[in-house]
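# Geometric and topological summary
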Amino acid sequence: MKISSAISSAFSLRRQVGSLRIARSSLIKSAHILERIGLAAVGASCGLYVGATLLRQKGGMFESGWIVLITMLYGALSYYVGIDLSGNVARRATSNISEEWNGSEPAELMSAAGTFSAAIAATLSVSILVLDQNLPNGLIGFVAGCWVVGSSLQVAAGAMTRSSDAPTNEQR
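Reading the values: rules and limits
- Residues numbered from 1 in each chain as written.
- Predicted model: local features only at pLDDT ≥ 70, side-chain atom pairs only at ≥ 80, totals over all residues.
- Heavy atoms only, no water.
- Helix = DSSP H or I, 4+ residues; strand = E, 2+ residues; numbered from the N terminus.
- Expected span 1.5 Å × (residues − 1).
- Buried < 20%, exposed > 50% of the residue type's maximum accessible area, 1.4 Å probe, protein only.
- pLDDT = per-residue confidence, 0-100.
- Salt bridge = Lys/Arg side-chain N within 4 Å of Asp/Glu carboxyl O.
- Axes fitted to C-alpha atoms, helices over the stretch in contact; angles between N-to-C directions.
- Parallel < 35°, antiparallel > 145°, perpendicular 65-115°, else oblique.
- Left-handed = near helix turned anticlockwise from the far one by under 90°.
- Nonpolar A, V, L, I, M, F, W, Y, C, P; charged D, E, K, R; others polar.
- Core = buried A, V, L, I, M, F, W, Y, C linked by side-chain atoms within 4.5 Å.
- Contact = heavy atoms within 4.5 Å.
- Phe/Tyr/Trp six-rings, centres within 6.5 Å; stacked < 30°, edge-to-face > 60°.
- Lys NZ or Arg CZ within 6 Å of the ring centre and 35° of its normal.

## Points about helix 3 (residues 66-82)
For helix 3, which comprises 17 residues, the first-to-last C-alpha distance of 24 Å matches the rise-based estimate of 24 Å (1.5 Å per residue) to within 8%. Along helix 3, the residues that are buried comprise Ile-67, Val-68, Thr-71, Gly-75, Ala-76, Ser-78, Tyr-79, Val-81 and Gly-82.

The following block contains the structure:
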């Protein structure tokens, strides 16, 4: 008897939850926020690898543990702001056949180049750490440069996109 009552109560609970409606826009916004937090976590983990590679080099200028925290925070910021450009950029894009310049291309190109550069820096850092390589400071500087340039391009692309999406108070 207890099993049948548990089953019937589960079905009645399902009916009650089924009637609960969540606004689609709030569900999409929640999913978008979760996606952005996930991107920030990926950026922070990439920054962790780059920072650990810089910290590992002896005789360099990155011998403080703060470099790991700084690269992680900058990575989280750059991936949060720069990879997932707003949907308005995608909606404004024209077909591939059109030769028309719509203004969103620089932000998209900067975001793509920044993501590529930061990902290359993270991949090189992971390989350096995993293979326990001792590389010249010039190559480590290259990895750091790729990270800084890539992350900066992502932040700039995100800032450009968000500033162009901001509503203006001009009346026409």
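Now that the structure has been shown, we can carry on.
## Some thoughts on the confidence of the model for the chain
Per-residue pLDDT for the chain has a mean of 77; in total, 68% of the residues score no lower than 70. Least confident of the elements in the chain is helix 4 (residues 87-92), whose mean pLDDT is 50; most confident is helix 5 (residues 105-130), at 90.

## Remarks on the environment of Val-148
Along the chain, Val-148 turns up in helix 6 (residues 137-165). Given a relative accessible area of 45%, Val-148 falls into the partly exposed group. In sequence terms Val-148 and Ser-78 are 70 residues apart; their C-alpha atoms lie 9.9 Å from each other.

## Brief notes about the pattern of salt bridges
By the definition in use, this model includes one salt bridge. Among the salt bridges present, the one from Arg-56 reaches Asp-132, with a minimum N-O distance of 2.4 Å. Linking Arg-56 in helix 2 (residues 24-56) with Asp-132 in the loop between helix 5 and helix 6, this pair joins segments that are 76 residues apart in sequence. A relative accessible area of 23% places Arg-56 in the partly exposed class.

## Some details on the packing of helix 2 against helix 3
Contact geometry for helix 2 and helix 3: axes closest at 6 Å, N-to-C directions at 150 degrees. Accordingly, the angle class assigned to the pair helix 2 and helix 3 is roughly antiparallel. At the point where helix 2 passes helix 3, the crossing takes the right-handed sense. For the contact of helix 2 with helix 3, the residue count by class is 17 nonpolar, five polar and one charged.

## Observations regarding the nonpolar core
Counting 15 residues, the largest nonpolar core has Cys-46, Val-50, Leu-54, Tyr-79, Ala-121 and Trp-147 as its most contacted members. Mapped onto this core, the elements with two or more residues apiece are helix 2, helix 3, helix 5 and helix 6. At five residues, helix 6 tops the list of elements feeding residues into this core. Look past the residues within four positions of Trp-147 in its chain and what remains in contact with it is Gly-43, Cys-46, Gly-47, Val-50, Thr-71, Gly-75, Tyr-79, Ala-118 and Ala-121.

## Some thoughts on the packing of aromatic side chains
When we look at a pair of aromatic rings, we describe it by the centre distance and by the angle of the planes. Per the stated rule, a full pass over the model turns up zero aromatic pairs. Over the aromatic face of Tyr-80 sits the side chain of Arg-36, whose NZ or CZ is 4.3 Å from the ring centroid.

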